[in-house]
Amino acid sequence: MKRQRTLVGWIAVIILCYIIVSVTYGLFGKRKIDFFEVHTVEINKDIYKNTLIVREEQLLKAREAGHILFYVNNFDKVGQGDMLYFSDPDGGFQELIRRNQPDREKLPPSVKDEIGRRIKTLSNSRDEPDLNLIRMNRQVLHDVYFSNLTEEQLLPLIQSYRKEHPLTVVESEMSGIFVNIVDGDEGLSTDKLTTRLFDDSETDSHIFLPNTKAKPEQPLGKLITSEYWSVIFPVSEAERAQFNEDDICRVRFPADNREGSGTIKHRTVNGEHYIELQFSQGVIRYAGLRKMPVSIPQQSLRGLRVPKESIAKQENLTGVYVLNSGLPTFYPVQVLAEDGNYQIVLPAENTSTERQLKAYDRILPDAGTFQQKETQAKRQ
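This is a predicted model, so every value here is computed, not measured.

Visitor: Mind showing me how you'd approach the environment of I53 here?
Guide: One can find I53 in strand β2 (residues 39–61). The exposure class assigned to I53 is buried, which follows from its relative accessible area of 0%. With residues near it in sequence (within four places) discarded, I53 still touches W229, S230, V231, Y286, L289, R290 and M292.

Visitor: I would appreciate a short explanation of the nonpolar core in the present structure.
Guide: Side chains that are nonpolar tend, in soluble globular proteins, to be buried together. The biggest cluster of nonpolar side chains holds 35 residues, and the ones touching the most others in it are W229, F253, L277 and M292. Looking at this core element by element, the count peaks at five residues for strand β11 (residues 219–235). With residues up to four places along the chain from it excluded, the contact list for L277 reads W229, S230, V231, F233, C249, V251, T263 and I264. Within the second largest apolar cluster, 26 residues are counted, among which are Y85, F86, I97 and L167.

Visitor: Would you mind showing me how to read the sheet that holds strand β3 (residues 66–70) here?
Guide: Within a sheet, each strand pairs with its neighbour through backbone hydrogen bonds, oriented either parallel or antiparallel. Ordered in space as β6-β5-β3-β10, the four strands form an open sheet in which the pairing is antiparallel. At either end of the open sheet lies a strand with only one pairing partner, and these are β6 (168–171) and β10 (213–214). With four bridges connecting them, β3 and strand β5 (residues 83–88) associate as antiparallel partners. From the neighbouring strand, I68 faces β5, where its bridge partner is S87.

Visitor: Where do I start with the packing of aromatic side chains in this structure?
Guide: Any two aromatic rings considered together are summarised by their centre-to-centre distance and by the angle between their planes. Tallied over the full model, the rule gives 14 aromatic pairs. On the numbers, 5.7 Å between centres and 45 degrees between planes, the contact of W229 with Y286 is tilted. Pair noted here: W229 is in strand β11 and Y286 is in the loop between β14 (272–279) and β15 (291–307), with a separation of 57 residues, a long-range link. For W229, a relative accessible area of 3% translates into the label buried. Members of the aromatic cluster, each reached through a chain of ring pairs, are W229, F253, F279 and Y286. Just above the ring of Y342 sits the side chain of R305; from NZ or CZ to the centre is 4.8 Å.

Visitor: Whenever I open this one, unusual backbone geometry confuses me. Can you help?
Guide: Negative phi characterises most residues that are not glycine, and trans characterises most peptide bonds. With phi around 75 degrees, D246 is a residue other than glycine that occupies positive phi space. Counting through the fold element by element, D246 comes out in the loop between α7 (237–240) and β12 (248–253). Judged by its relative accessible area of 47%, D246 falls in the partly exposed class. One non-glycine residue with positive phi stands out, namely Y360, at about 75 degrees. Classification of Y360 as exposed rests on a relative accessible area of 58%.

Visitor: What am I meant to see in the confidence of the model for the protein here?
Guide: Detailed reading of the predicted coordinates is not advisable wherever pLDDT falls low. Within the protein, residue pLDDT values average 80, and 76% of them lie at 70 or more. Across the protein, the secondary-structure element scoring lowest on mean pLDDT is helix α4 (residues 131–137), at 42, and the one scoring highest is β14, at 95. Across residues 122–144, confidence stays below pLDDT 50; counting only partners more than four residues off in sequence or on other chains, it has 58 contacts.

Visitor: Is there a simple way to explain the side chain of D361 in this structure?
Guide: By the element assignment, D361 lies in the loop between β19 (342–347) and β20 (362–363). Accessibility expressed as a relative area gives 10% for D361, which makes it buried. In terms of polar contacts, D361 uses its side chain to reach the backbone amide nitrogen of K358, at 3.0 Å. Apart from residues no more than four positions distant in its own chain, D361 is found in contact with F36, E37, V38, V322, Y331 and Q356.

Procedures and definitions
- Residues numbered from 1 in each chain as written.
- Predicted model: local features only at pLDDT ≥ 70, side-chain atom pairs only at ≥ 80, totals over all residues.
- Heavy atoms only, no water.
- Helix = DSSP H or I, 4+ residues; strand = E, 2+ residues; numbered from the N terminus.
- Buried < 20%, exposed > 50% of the residue type's maximum accessible area, 1.4 Å probe, protein only.
- Contact = heavy atoms within 4.5 Å.
- Core = buried A, V, L, I, M, F, W, Y, C linked by side-chain atoms within 4.5 Å.
- Pairing = 2+ DSSP bridges.
- Phe/Tyr/Trp six-rings, centres within 6.5 Å; stacked < 30°, edge-to-face > 60°.
- Lys NZ or Arg CZ within 6 Å of the ring centre and 35° of its normal.
- pLDDT = per-residue confidence, 0-100.
- Polar contact = N/O pair within 3.5 Å; in protein donor to acceptor, adjacent residues only side chain to side chain.

This is the structure we're talking about:
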């Protein structure tokens, strides 16, 4: 009887080994299971982030219905009490100004038509305004309407026109930089941040075109009232640790390839982490933008290096397959940066200790092939 039990035990062991070998063979075929050993690395690498610009702004709205003619240039600095625009219900003041312009070198009609077409295209686009295009257009309104008329020369025209037509002259209530671009996020502050704001599909910038008839309370533009401004981008908890609060961070702005230095601040809003870089100059250069990419040069990153092909998706999680006793187990990770054919990763936040990737773990170098074979094996 004892020999029979021993024999049954050996048979059970043999069957179990056969099952393990069969499963491994089914997943990997006849070849040996390859693996990649994970190691900790520290690299210096430029980091690219899509950022949100936050600044002190005052939204300008039409006080009444009428054709709007701006007196100031886009991106001009204006003082309190300076003329901003004219509101003309009848729409004839523009023609009066044109008839009274002194002799000057005028833009060719073909150039005006092309600039007007490009402004309309930009105005109707949901894409982020192109900085160079905005700067090219900044003189258009002034060149066409007011380039050679001083306020003293305008006063007789205003008085003459007002004898037969209603005309409102609107003055600035405060000092600032005038911008005729609105995006719906004017007045945004750091305590109202949401991840939705960084979604490009939410961008809806609009340029108010010259001599367009506005409705009462319709947004016309804005005044940027402070030289202080910030760029903000979302980060994971692990990424946030790479930025020391109150340190100075050097960044490059691809929009015009200039550089600047900002003070690092940590922000947490509704459980989401953000890095804010505070600047005290250069606000006018990007006054027409709300979202802008930045490059942070030679940022030191420390993490675990894994092959690109080892990264897989499972139930909306990003991770790698670690070989535990020869069997692949999914470990969630967060990707910090790309390094050639490798990714620099860390264990995903809120991952249990037993599922946290660490140095010297052995992982599958090709997660895609494994997942395909695993799917085929399940169907058989």
